[in-house]
Amino acid sequence: MTTWKERHDEAVRKQQAAQRAYQDATDERALALIAGVDELGSQAAVARELGVKTPSVNQAIRAYEKKQQP
C-alpha cells in the first residue's frame, strides 16, 4: 500500500511529464507550420490548407519564436 504522499508525488511526476509532452508537441506543431509557410508562401495559405483561421497559425508561430528568443 502506498501513502497519500507517495501517490501525490507520483501524480506530480505524471503532470510534469504530460506538460513536457504538451510543450514538445506544441513546438513540433509550430515548426510544421513554419515549414508550411516556407512551402506555401504565407500563413494564410497554410490556414486555408488546414481549414483553420489565419490568426491561429500566426499565434502558434509567434509563440514558438518568442520562446526561442534569449
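Just above sits the structure.
None of the values given here were measured: they were computed from a predicted structure.

A. Geometry of helix H3 (residues 54–68). End to end, H3 covers 22 Å across 15 residues, agreeing with the expected 21 Å (1.5 Å per residue, within 8%). Val 57, Ala 60, Ile 61 and Tyr 64 are the residues of H3 that are buried. With its buried residues spanning 90 degrees around the axis, H3 presents them on a single face. Across H3 from its buried face, at more than 90 degrees, point the exposed residues Pro 55, Gln 59, Arg 62 and Lys 66. Considering only its buried residues, H3 is in contact with helix H1 (4–40) and helix H2 (43–50).

B. How the structure looks around the side chain of Asp 27. Relative to the helices and strands, Asp 27 is located in helix H1. Using a relative accessible area of 18% as the deciding quantity, one classes Asp 27 as buried. In contact with Asp 27, other than residues within four places in its own chain, are Tyr 64 and Lys 67.

C. Region of the structure containing the nonpolar core. Formed by Leu 33, Val 37, Val 46, Ala 47, Val 57, Ala 60 and Ile 61, the largest nonpolar core amounts to seven residues. Among the secondary structure elements, those contributing two or more residues to this core are H1, H2 and H3. For this core, the element with the highest residue contribution is H3, accounting for three residues. With sequence-adjacent residues up to four places away left out, Val 46 is seen in contact with Leu 33, Gly 36, Val 37, Leu 40 and Val 57.

Parameters at a glance
Residues numbered from 1 in each chain as written. Predicted model: local features only at pLDDT ≥ 70, side-chain atom pairs only at ≥ 80, totals over all residues. Heavy atoms only, no water. Helix = DSSP H or I, 4+ residues; strand = E, 2+ residues; numbered from the N terminus. Expected span 1.5 Å × (residues − 1). Buried < 20%, exposed > 50% of the residue type's maximum accessible area, 1.4 Å probe, protein only. Arc of directions from axis to C-beta. Contact = heavy atoms within 4.5 Å. Core = buried A, V, L, I, M, F, W, Y, C linked by side-chain atoms within 4.5 Å.

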